[in-house]
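Descriptive structure summary
Each chain is listed here by its residues.
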Amino acid sequence: WCEFNQTEKFFEVFSIGSVNNKLSKYDNITMLKSLSLKGGGFDRLMRQATAAYQNSCQYGANYQYDLDFIIESVQNAFASGKKSDANALAGILEEANKAGCTHENNLGQASLLESQVAILSVYPNPLEPEGVYLQFSEMGTDQTFVVRVYDLYGRQLAETNFSVSQYGGEYFWPLDHSGWEQGIYLLRAKSDTQEFQIKLVK
């Protein structure tokens, strides 16, 4: 995935197929050219998606999103053809790009994403009708986490809060996903000092 030439077309690198007429103007935009697009909407998405692609290649597991998630999210945004979807996803990627290689200073760990598996796990995944369990391991201090789930367009679908003991523990969320389509979703759990990202499958 990470081997691409800057002169390659954005649509080819992100495997974007046919788009509506309004978006066809982007057909021949290269990865390099996408970084200099000035507008909002899909201009903004292409800028941030190209930067996210490069950051994911550079930082690997230390970057907030892996390439599969970035590529599939961009594909879905172009498939929808909606400027609002493009801006929503661009905002999420822009936040990650500004953070770059995110480090957890308080615990002296290499990175949030690198330590994520040991600190937070979510199951069952793929999702089951009754909801999900969030398993936090020991983290040193009591923390309150805001937990949100987003679709691949960056739209928030659900939110809850957990007051997590310094000793960790298992917390149940009766997440109602009955109206969601099958696919990939993003769960983000954030406190004042830590943030975790988990891909959910329905």
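Quick notes on the rules
- Residues numbered from 1 in each chain as written.
- Predicted model: local features only at pLDDT ≥ 70, side-chain atom pairs only at ≥ 80, totals over all residues.
- Heavy atoms only, no water.
- Helix = DSSP H or I, 4+ residues; strand = E, 2+ residues; numbered from the N terminus.
- Buried < 20%, exposed > 50% of the residue type's maximum accessible area, 1.4 Å probe, protein only.
- Contact = heavy atoms within 4.5 Å.
- pLDDT = per-residue confidence, 0-100.
- Axes fitted to C-alpha atoms, helices over the stretch in contact; angles between N-to-C directions.
- Left-handed = near helix turned anticlockwise from the far one by under 90°.
- Nonpolar A, V, L, I, M, F, W, Y, C, P; charged D, E, K, R; others polar.
- Salt bridge = Lys/Arg side-chain N within 4 Å of Asp/Glu carboxyl O.
- Core = buried A, V, L, I, M, F, W, Y, C linked by side-chain atoms within 4.5 Å.

Some words on the overall build of the chain
Each helix and strand counted, the chain has 6 helices and 7 strands in total. When its helices and strands are written in sequence order, the chain yields α-α-α-α-α-α-β-β-β-β-β-β-β. Taking all 202 residues of the chain together, the buried fraction comes to 46%. In the chain, the proportion of contacts linking residues at least 24 apart, taken out of those at least 6 apart, comes to 59%.

A few points about the confidence of the model for the chain
Here the chain shows a mean pLDDT of 84. Residues at 70 or above account for 88%. Mean pLDDT across the elements of the chain bottoms out in helix α6 (residues 112-119) (40) and peaks in strand β4 (residues 156-164) (95). In the model, residues 102-118 has pLDDT below 50 throughout and makes 31 contacts with residues more than four positions away in sequence or in other chains.

Points about the packing of helix α3 (residues 42-59) against helix α5 (residues 83-99)
Packed helices, taken two at a time, are described by the angle their axes make and the gap between the axes. In contact at an axis separation of 8 Å, α3 and α5 are set at 35° when each is read in the N-to-C sense. Regarding α3 and α5, the two cross each other, and that crossing is left-handed. Note on element contacts: α5 touches α3 through Lys83, Ala86, Asn87, Leu89, Ala90, Gly91, Leu93, Glu94 and Asn97, opposite Phe42, Arg44, Leu45, Gln48, Ala49, Ala51, Ala52 and Asn55. Class assignment for the residues of the contact of α3 with α5 results in 9 nonpolar, 5 polar and 3 charged.

Remarks on the pattern of salt bridges
For the coordinates displayed, the defined rule picks out 8 salt bridges. For the salt bridge of Asp85 with Arg155, the shortest nitrogen-to-oxygen distance reads 3.4 Å. Placement of the pair is Asp85 in helix α5 and Arg155 in the loop between β3 (143-150) and β4, with a sequence separation of 70 residues. Taking the relative accessible area as the measure of exposure, Arg155 reaches 36% and is therefore partly exposed.

Examining the nonpolar core
Core analysis: the biggest nonpolar cluster contains 33 residues, and Phe10, Phe14, Tyr26, Leu45, Tyr65, Val74 and Phe78 have the highest contact counts within it. Counting residues per element, this core draws most heavily on helix α4 (residues 67-80), at 7 residues. Those residues in contact with Tyr65, other than ones at most four positions away along the chain, are Ser56, Ile70, Ile92, Leu93, Ala96, Leu186, Arg188 and Gln197. By size, the runner-up hydrophobic cluster in this structure holds 24 residues, among which are Leu120, Phe136, Leu187 and Phe196.

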